[in-house]
Amino acid sequence: MRELVIISGKGGTGKTSLTAALASLAVNTVLCDADVDAADLHLLMQPEIRQHHDFMGGKSARINPDLCTGCDTCRTLCRFDAISERLVVDPIRCEGCGVCVHFCPAGAIEFPVQRCGEWYVSDTRFGTMVHARLGIAEENSGKLVSLIRKEARQLAEEHGHDLILTDGPPGIGCPVIAAIGGATALLIITEPTVSGVHDMERVLDLAAHFNVPGMVCINKFDLNPAMTETIENIAQKRNVAVLGKIPFDPVFTHAMVAGKTLLEYGEETPTHEVVREIWNKIITSPSMHSYGIVDLKATIQ
Amino acid sequence: MIISIASGKGGTGKTTVATNLAQVLGNRVQLLDCDVEEPNAHLFLQPTFTQSEPVTTPIPLIDETKCTFCRKCADFCEFNALAVVGKQVLVFAELCHSCGGCMLVCPEGAITETSRELGTLNVGNAGEVAFVNGRLRVGEAMSPPLIKRVRAAADPDRITLIDAPPGTSCPVIAAMHETDFVLLVTEPTPFGLHDLKLAVEAVKLLGIPAGLVVNRADIGDNAVFQYAEEEELPLLLTIPFDRQIAEAYSRGRMMVDALPEWRHQFIELFAKIEQIVKVNKEAACVN
Ligand code: SF4
Ligand code: SF4
Ligand code: SF4
Ligand code: SF4
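Predicted, not measured: the structure shown is a model, and the values here were computed from it. (Residues numbered from 1 in each chain as written. Chains lettered and ligands numbered in written order. Predicted model: local features only at pLDDT ≥ 70, side-chain atom pairs only at ≥ 80, totals over all residues. Heavy atoms only, no water.)

Contacts between chain A and chain B engage 61 residues on the former and 63 residues on the latter. Taken together, the two surfaces of chain A and chain B that pack against each other cover about 5,100 Å², and 60% of this comes from carbon and sulfur. When residues of chain A are sorted by the area they lose upon contact with chain B, Arg79, Ile136 and Arg202 of chain A head the list and together hold 13% of the total. Where chain A packs against chain B, one counts four salt bridges. In this structure, Arg93 of chain A and Glu178 of chain B form a salt bridge, with 2.8 Å as the shortest nitrogen-oxygen distance. Within the residue set of the side of chain A that touches chain B, elements represented by two or more residues are helix 1 (15-25), helix 2 (41-45), helix 4 (99-103), strand 7 (127-134), helix 6 (174-180), helix 7 (194-209) and helix 9 (251-257) of chain A. Counting residues per element, the side of chain A that touches chain B draws most heavily on helix 7 of chain A, which supplies nine residues. Looking at side-chain class alone, the side of chain A that touches chain B contains 28 nonpolar, 18 polar and 15 charged residues. (Contact = heavy atoms within 4.5 Å. Buried area = accessible area lost by both parts, 1.4 Å probe. Salt bridge = Lys/Arg side-chain N within 4 Å of Asp/Glu carboxyl O. Helix = DSSP H or I, 4+ residues; strand = E, 2+ residues; numbered from the N terminus. Nonpolar A, V, L, I, M, F, W, Y, C, P; charged D, E, K, R; others polar.)

Attention now moves to the pairing of strand 9 (residues 185-190) of chain A. All names here are of chain A. Burial analysis of strand 9 places six of its six residues in the buried class, the great majority of the element. Across the two faces of strand 9 the burial is the same, with Ala185, Leu187 and Ile189 and Leu186, Ile188 and Thr190 all buried. Where strand 1 (residues 2-7) meets strand 9, four bridges bridge the pair, whose relative direction is parallel. In the strand pairing of strand 9, Val5 is matched with Leu186. Both strand 9 and strand 10 (residues 214-219) contribute to a ladder of five bridges, which runs parallel. When the sheet's bridge partners are listed, Ile188 is paired in strand 10 with Val216. Tracing the backbone out of strand 9, into helix 7 and back to the parallel element strand 10 gives a crossover that is right-handed. (Buried < 20%, exposed > 50% of the residue type's maximum accessible area, 1.4 Å probe, protein only. Pairing = 2+ DSSP bridges. Right-handed = clockwise from strand over helix to strand, strands pointing away.)

For the rest of this paragraph, the subject is the pattern of salt bridges. Between side chains of opposite charge, a pair can form when the charged atoms approach closely. All names here are of chain A. With the rule as written, the count across this model stands at 28 salt bridges over all chains. Here Asp72 makes a salt bridge to Arg75, at a shortest N to O gap of 3.1 Å. Residue classification places Asp72 among the partly exposed residues on the basis of a relative accessible area of 25%. Linked by salt bridges that have partners in common, Glu3, Arg149 and Arg153 make up one network.

Glancing now at the sheet that holds strand 11 (residues 235-239) of chain B. Residues and elements named next belong to chain B. Strand order in this open sheet of nine strands is 3-6-7-2-8-1-9-10-11, and the pairing throughout is mixed. Edge positions in the open sheet fall to strand 3 (48-62) and strand 11, since each of these has one partner strand only. Between one strand and the next, the sheet's axes are offset by a mean angle of 20 degrees, whatever the strand orientation. With five bridges connecting them, strand 9 (residues 181-186) and strand 10 (residues 210-215) associate as parallel partners. Paired with Leu184 across the two strands is Leu212, which belongs to strand 10. (Axes fitted to C-alpha atoms, helices over the stretch in contact; angles between N-to-C directions.)

This part covers the domain arrangement of chain B. On domain assignment, one finds that chain B holds domain 1 (2-54 + 118-285) and domain 2 (64-109). For domain 1 of chain B versus domain 2 of chain B, the distance between C-alpha centres works out to 40 Å. (Domains from an automatic or database assignment.)

Quick look at the packing of aromatic side chains now. Following the criterion strictly, the structure yields four aromatic pairs over all chains and no others. A centroid spacing of 5.0 Å and a plane angle of 10 degrees characterise the contact between Phe248 of chain A and Phe241 of chain B, whose relative ring orientation is stacked. A residue pair is termed interchain when its members come from two chains, as with Phe248 of chain A in the loop between strand 11 (241-246) and helix 9 and Phe241 of chain B in the loop between strand 11 and helix 9 (243-250). The class for Phe248 of chain A is partly exposed, based on a relative accessible area of 23%. Plain terms: the ring middles of Phe44 of chain B and Tyr249 of chain B are 5.0 Å apart, the flat faces sit at 25 degrees to each other, and that makes the pair stacked. (Phe/Tyr/Trp six-rings, centres within 6.5 Å; stacked < 30°, edge-to-face > 60°.)

We now examine the site of ligand 1. Looking at ligand 1, there are 13 residues lining it, with Cys68, Cys71, Asp72, Cys74 and Cys104 of chain A nearest. Looking at the shell around ligand 1 residue by residue, the classes come out as nine nonpolar, three polar and one charged. (Near = heavy atom within 4 Å.)

A word on the side chain of Arg116 of chain B. Residues and elements named next belong to chain B. You can see Arg116 is positioned in strand 6 (residues 111-126). In terms of polar contacts, Arg116 uses its side chain to reach the backbone carbonyl oxygen of Ala93, at 3.3 Å. Beyond its immediate sequence surroundings of up to four residues, Arg116 is in contact with Val55, Thr56, Thr57, Ile59, Ala93, Glu94, Cys96, Arg137, Glu140 and Met142. (Polar contact = N/O pair within 3.5 Å; in protein donor to acceptor, adjacent residues only side chain to side chain.)

In structure tokens, the structure reads:
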């Protein structure tokens, strides 16, 4: 089984639209939306939720004023300034470390586990999808990402699917680290802008750090052809294949407004063809075949 | 006054708004780039950094000559950052939240602290604008402590603009918490709307007044504008999709420099924010 994780360093590069378009080309896949912080893939997939689970994350301290003697121990020990002078815990600052709970001489602090979000297994017109929603202001996005990837993997194994397509989170921090470990390959979507180049390099560093092969695809390449060339040069130097260059095409936005994937929407344009070529290159790429066993070509329609 | 600029998700033009606003405010302002995972503001403002220092966080150091392998530390740690395996205490530094609890619970005094590097803090100037950013070390998962350090570098005598990270979880909360105003930047598309709704929930939770900038205002549909009206979220600026803006952006040029007619729009944007913050503070005094 293979897992392709689609990431972009930063949001807004068309990552989710492209993931959806690829999903419509693949068969025998499980979809996984690992951008749990701002999950958007469901807007194009209109999933029918089949299973619904609570995601229980960290704990949070709560002082019971009836038991508290006001000794101030908790406030002095809390390194996150989460306890006010009036001995109230600010749930946003509390990291759930449990120091105050352990050292409160009056046993006045409760430490309940928090429900940090939800995750779902759904049916879509392109197969099974695992997705989630992290609660607002919650931590543990990395944990939730790991959980839904594990779930996607299990489903794929149970039902004999060859491929998992994962829409990854932005950035290079905790959720992305959780999203790429153990993946077969990364598809990095970038744009020909100074920030696009900068973010792509950070993500490539991350991919190198965790030893996951990367491939690059340039979106809106015609907005700045010189910068597109810079990206191609960087990719070549770093031995990363550029799979394709997608023009700036409002059809992505129009498809999104219609709740459809690019390939389901409107007249055939050159953009459609480019996306199909990219998919072909992905499934025949050496990084997706590093073990040389499965013919992923069988997964294309 | 502290204004954080957030967007639910990346790529909507948050950094564009933050840098252009900073540029027109000049020496009255400082920009803190708190998007430490992918800092971009420096690419546009081109600051000269005068100071750069590593930011570290404490992690436990176990003295195995004193340790009796009682496991009290490992049992205590809420984040599974410690494990006792045979006659060894393993520290998984990347999981440690630096709470110091293990050191306090160890009955043998076998734990002291050492430090781990999270990233760097860079301070400088971009023309008249004071500039600070943080840069997370590649492979490092813990961004909130670095964000807090960037925020701590703020100069209270200037207006502070915070370029917040995307999302609605702990990193963006660390950037928006205890600010006077949140400027939300979005696009009029289903993705933009969906992420804006999450960002608005976060802002409500924090109880901070907010306003909206709609970027590429003509590329999608009307739903974002309708939502803003229903939520009484003031629409403070709309920026159309314009190839000239997009191309200037792609080269790292700021809108207000490439297209000077935008200067007064950003100055006005700031005036509107100032007004809302003022009214809000007065309301807070009355209550
Ligand atoms: S340590 Fe316990 S008793 Fe002391 S102030 Fe805190 S909650 Fe109250
Ligand atoms: S659990 Fe930790 S962070 Fe939360 S209030 Fe107690 S000491 Fe502070
Ligand atoms: S609590 Fe102290 S003595 Fe016990 S295992 Fe941990 S370091 Fe060793
Ligand atoms: S400092 Fe806190 S989080 Fe870190 S290892 Fe010790 S108990 Fe765990």
